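Here is how the chains run, residue by residue.
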Amino acid sequence: MKLNCFDPSTKQFLGHANNMTADEVNEILEKAKVAQTEWRKTSFAQRRMVLRTIQKYIVNHVEDICRVSARESGKPKVDAVMGEILTTCEKIRTICEWGEYWLRPDYRPTGPMMMHKNAWVEYVPLGIIVAIAPWNYPFHNSINHVISGLMAGNAVVGKVSEHASWSASYFGRILRQALVVNGHNPDIVATVTGLAESGAALCTSPLVDKIIFTGSTPIGRKVMESAAQNLTPLVLELGGKDVMVFRHDVKVENVIPFVMRGCFQNSGQNCVGVERVLVYESIYDKFLEQVVPKVKALRQGNPLPSCGADGKVDCGSMIMPAQLEIVQALVKDAVEKGAILHCGGKVNPNLNGQFFEPTVLSGVTFEMKIFNQEVFGPVMTVIKVPKDDDNECIRLVNHCEFGLGSSIFTANDAVGLAMGRQFRTGMLTVNDYASNYLIQSLPFGGVKESGFGRFAGIEGLRALCMERSISVDKTSLIRTSIPPVINYPIDMVKGFPFTESLVQLFYNEDIIGKIKGIFGLIKNGV
């Protein structure tokens, strides 16, 4: 059986993708295991050359990649450049510049008892990394963990969503060809397409050394349950309900572009998409007066000039058909419970594809499902912060099951940082939106229902390695020895006083106590 692939903007049939069986997945993993035994021996220079080959292809084929992404996911080409190309290129640049430095042996202090030792941590390739990716950014998601995985000396097998499988063969060829032209086995990277059977085969395989899953919280729990069969470690980057805060001292006209990008980039289908907009009471009405016309003016439609469309759009389609129903139900629930619908709020009746109209809701409260549940759609949810109260703002931010990213805008950076540090989120930006992800030296991830573990940055790169702790004598002239009184059989008279004297010598902060420890060692050590 094959997977049928469709353009979400036009509902046109694009082609088939392979619905892989467990046996096919296992064959891929076996080949990757063999290839990794050689790849782990490569130098960092060789690994950088492969990544730079990929980078060279990307910068020379931006238009092609963006068109394929637009057909697969329905996003405008500008959104594709920002979310697919820039992020990928910056990650390659960062890993090429810093990857070797981050993975160098990390020397550690030894302490006075072990002063005759050198101690360090080595970062050893794990083996096979499985990256299970969502459908919102087909190109970036297919290559993101390949970049860091290859630099760390691993094989990487990616599993793309069944809703973003048509582009997988093209994007996969880019990676494999970069390996081939540099003289390496292309089996070191592979892409799996398929439904539940293929995903389960990856999560339960004893050949897999680590899993990175990006997706919804319910599916993340199932992945964790499957991975537990082999105690396979994993990183879970799950749902988000990111907040953007506007304090009373901002200039409303200056922050509108940020909230528009945060809510409507890729039709709101972003891990760090802004799903809660907290606006201080004194600027609340002014904010709505300015933002609602902007949202109403957004052009929506087919992002490519085809099927009678000119491609001049700001907001594209939804990728997953069922997501339209989820967004519609959340908006309906909010309105029924008292929220004000300013615009949008329904499937676009004038377009044939999977389009949900850009929407603005205000007056959203705790009782509404949309306050806590992930929308993943083009909906701006505006919440009033009463009396411009900073403490109430912090309470509203943290009154959420998710904790991925957050941002706060204010004329006072120090106040913004102080407040942001009280947000229970894994990431924070002050007077900016999502800039963390273009600083690839920073780790990416969240807390609570947003998952655990990190990718990107030094933390993410090292997480793809086995940490091996090593200690070696500084010189063969000084070795650790076991004193006779505590060698087996232990001297029952002197053994305990001797070890107690060791404690006094090294850890008693009083000088007299240390001296007593020395005398105790002399007395009981002979």
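Residues numbered from 1 in each chain as written. Predicted model: local features only at pLDDT ≥ 70, side-chain atom pairs only at ≥ 80, totals over all residues. Heavy atoms only, no water.

Per an unreviewed UniProt entry, the protein chain goes by Aldehyde dehydrogenase and derives from Fragilariopsis cylindrus CCMP1102. Under the Sequence similarities (unreviewed entry) heading, UniProt states for the protein chain: "Belongs to the aldehyde dehydrogenase family." (UniProt positions renumbered as here; feature names shortened; annotations may be inferred.)

The next subject is the overall build of the protein chain. Regarding its fold elements, the protein chain presents 17 helices and 20 strands. For the protein chain, the spread of C-alpha atoms along the three principal axes comes to 95 × 60 × 40 Å. For the protein chain, with 526 residues in total, the buried portion stands at 53%. Carbon together with sulfur atoms contributes 57% to the accessible area of the protein chain, which is approximately 23500 Å² in total. (Helix = DSSP H or I, 4+ residues; strand = E, 2+ residues; numbered from the N terminus. Buried < 20%, exposed > 50% of the residue type's maximum accessible area, 1.4 Å probe, protein only. Areas by Shrake-Rupley, 256 points an atom, 1.4 Å probe, with all protein chains shown as cover.)

Turning our eyes to something else, we now look at the UniProt feature "active site" (unreviewed entry) in the protein chain. Per the UniProt record, "active site" (unreviewed entry) is annotated on E237 and C271. These residues run over 35 residues, yet every pair of their C-alpha atoms falls within 8.6 Å of each other. With respect to the helices and strands, the residue E237 is situated in strand β9 (residues 234-237). Residue E237 is classed as buried on the basis of its relative accessible area of 3%. Turning to its location among the elements, C271 is positioned in the loop between α9 (252-264) and β11 (274-280). Residue C271 is classed as buried on the basis of its relative accessible area, which comes to 18%. Residues in contact with C271, not counting those within four places in the same chain, are N136, T214, E237, G240, D242, F376 and L404. (Contact = heavy atoms within 4.5 Å.)

A word on a nonpolar patch on the surface. A grouping of I511, I512, I515, I518, F519 and I522 is seen on the molecular surface, where their side chains present a nonpolar patch of about 610 Å² in accessible area. As for its placement among the helices and strands, F519 is situated in helix α17 (residues 511-524). Taking relative accessible area as the criterion, F519 reaches 56% and is therefore assigned exposed. (Patch = residues over 30% accessible without salt bridge, like charges linked within 9 Å, V, L, I, M, F, W, Y side chains within 5 Å. Salt bridge = Lys/Arg side-chain N within 4 Å of Asp/Glu carboxyl O.)

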